[in-house]
Amino acid sequence: MASLWTFILIGSVIYLFWLNRKIAEAANVHAKRQSDQLQVQLMSVACTKRRFGFLKNGKPGIKSEFIFEFSSDGENAYQGVLIMENEFLKSVVVPPHKI
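Quick caveat, the model's predicted, so the values are computed rather than measured.

Participant: Tell me about the environment of M84, and please be specific about residues and values.
Facilitator: For M84, the location among the structural elements is in strand β3 (residues 78-85). The buried category is assigned to M84, whose relative accessible area is 0%. In sequence terms M84 and G58 are 26 residues apart; their C-alpha atoms lie 15 Å from each other. Setting aside residues up to four positions removed in sequence, M84 forms contacts with I23, A26, A27, H30, I62, K63, S64, F66, L89 and K90.

Structure representation (structure tokens):
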């Protein structure tokens, strides 16, 4: 019986690691798409918040907040925020910047 719980625990840890990587890769794609729309250079993407909870559709999932840095002129850096539920983008906050 203990070995069954060990397999369940190991499987859960592997699944959560895989899900976190999937979310991070989706955030990177969304940040790249956003920077292409703004015609700026994407510099970095980083996760600032991650928590488990119930999503807007009522199902359990992971709510994440990512900050992405971009530059419009190569000298100044600006930060935008991606709000995500699992790998789906919910909102984007981009500050005013020089083009």
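Participant: How would you explain the nonpolar core if you had to name every residue and give the values?
Facilitator: By size, the foremost hydrophobic cluster in this structure holds 13 residues, and its most contacted members are I23, A27, F66, F68, F70, L82 and M84. For this core, the secondary-structure elements that each account for two or more residues are α1 (2-38), β2 (60-71) and β3. Broken down by element, the residue count for this core peaks at five residues, all from α1. In this structure, A27 is in contact with F66, L82 and M84, ignoring residues within four places of it in sequence.

Rules used throughout
Residues numbered from 1 in each chain as written. Predicted model: local features only at pLDDT ≥ 70, side-chain atom pairs only at ≥ 80, totals over all residues. Heavy atoms only, no water. Helix = DSSP H or I, 4+ residues; strand = E, 2+ residues; numbered from the N terminus. Buried < 20%, exposed > 50% of the residue type's maximum accessible area, 1.4 Å probe, protein only. Contact = heavy atoms within 4.5 Å. Core = buried A, V, L, I, M, F, W, Y, C linked by side-chain atoms within 4.5 Å.

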